[in-house]
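So you can see what is in the structure, the chains are spelled out below.
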Amino acid sequence: ASASASAAVGSAGGIKTLAACAALGAGAGLLVLGSTVGATVAVVGGAAGAAYCATRSDKVGDAARGAGNIALQGVDKAKEINQKHDITGKITVAGTQAITVAKETDQKYGVSTKVSAGVGAAVKRASEFESKHKVTDKVVSGFAAGLGRISAALEKKSTPAASSAAPSQ
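Residues numbered from 1 in each chain as written. Predicted model: local features only at pLDDT ≥ 70, side-chain atom pairs only at ≥ 80, totals over all residues. Heavy atoms only, no water.

A.B. asks: I'm lost on the overall build of the protein in this one. Help?
C.D. replies: Scanning the protein for helices and strands turns up 8 helices and 0 strands. Taken against the 2.2 N^0.38 rule, which gives 15 Å for 169 residues, the C-alpha radius of gyration of the protein at 30 Å runs more than 25% over that of a compact globule. If one aligns the C-alpha atoms of the protein with their principal axes, the spans along those axes are about 75 × 70 × 30 Å. By sequence separation, contacts in the protein at least 24 residues apart represent 48% of the contacts at least 6 residues apart. Carbon and sulfur atoms provide 66% of the accessible area of the protein, an area that totals close to 12600 Å². (Helix = DSSP H or I, 4+ residues; strand = E, 2+ residues; numbered from the N terminus. Rg over C-alpha atoms; globule rule 2.2 N^0.38 Å. Contact = heavy atoms within 4.5 Å. Areas by Shrake-Rupley, 256 points an atom, 1.4 Å probe, with all protein chains shown as cover.)

Written out as structure tokens, the structure is:
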């Protein structure tokens, strides 16, 4: 198993290229399939598929390895720019300052207390409205009645009597 893994890494252009292809595939899998099959399955499936493509010795493999190498170049360029301009340091400072200002504003104006009170009042009113008008019960009974009608209509179409009564051509 170790020999075949080493061969796969070698055919993919190295561990970094293989990892970059897998990362690209994970992102693509999440974008394309995330809401359909779930994020975990989409990410793992996308990563595995892209990594497999990178090990192929045809045009698909060439394209996957090319994308992986371009991603690696992008990472290297991002590191270089960050080192030159200290972007992550500046983002950290700005984020810390924003949190400090938000806390000070909340303490000064009581924003979170007011929002909490407003949400509590809205929930109370919604609960009172529900108790008075029984909205949930009406929605559920209407939904159940609709499903019953659909079920009855489907049952009529699937009965043998209905199919034999249909005109033949």
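There is more to say after this.
A.B. asks: Just to check I follow, could you spell out unusual backbone geometry for this structure?
C.D. replies: A negative phi holds for most residues other than glycine; trans holds for most peptide bonds. With phi around 50 degrees, Asp86 is a residue other than glycine that occupies positive phi space. Inspection of the secondary structure puts Asp86 in the loop between α4 (59-85) and α5 (87-109). Although it is not a glycine, Lys134 sits at a positive phi angle of roughly 50 degrees. Summarising the element assignment, Lys134 is placed in the loop between α6 (111-133) and α7 (135-158). For Lys134, a relative accessible area of 41% translates into the label partly exposed. (Buried < 20%, exposed > 50% of the residue type's maximum accessible area, 1.4 Å probe, protein only.)

A.B. asks: Would you explain the side chain of Thr17 in this entry?
C.D. replies: By the element assignment, Thr17 lies in helix α2 (residues 15-37). For Thr17, a relative accessible area of 6% translates into the label buried. Sequence-distant contacts of Thr17, that is, excluding residues within four places in its chain, are made with Ala12, Arg65, Gly68, Asn69 and Leu72.

A.B. asks: Could you clarify how one ought to interpret the pattern of salt bridges in this entry?
C.D. replies: When charged atoms on two side chains of opposite charge get close, those side chains can pair. This structure, assessed with the given rule, holds 3 salt bridges. Ionic pairing is found between Glu80 and Lys77, a salt bridge with its closest N-O pair at 3.4 Å. With a gap of 3 residues between them, Glu80 and Lys77 both fall in helix α4, about one helical turn apart. Judged by relative accessible area, which is 44%, Glu80 ranks as partly exposed. (Salt bridge = Lys/Arg side-chain N within 4 Å of Asp/Glu carboxyl O.)

A.B. asks: How do you make sense of a nonpolar patch on the surface when you look at a structure like this?
C.D. replies: Together, Leu31, Val32, Leu33, Val37 and Val41 give the surface a local cluster of nonpolar side chains, amounting to about 500 Å² of exposed area. If you tally residues by element for the nonpolar patch, the top one is α2, at 4 residues. Assignment of secondary structure puts Val41 in helix α3 (residues 39-55). Residue class for Val41 comes out exposed when judged on its relative accessible area of 52%. (Patch = residues over 30% accessible without salt bridge, like charges linked within 9 Å, V, L, I, M, F, W, Y side chains within 5 Å.)

A.B. asks: It is not clear to me how the side chain of Arg65 should be interpreted in this structure. Could you clarify?
C.D. replies: Looking at the element boundaries, Arg65 is found in helix α4. When near neighbours in sequence (up to four residues on either side) are disregarded, Arg65 contacts Ser11, Ala12, Gly13, Thr17, Cys21, Ala54, Thr55, Arg56 and Asp58.

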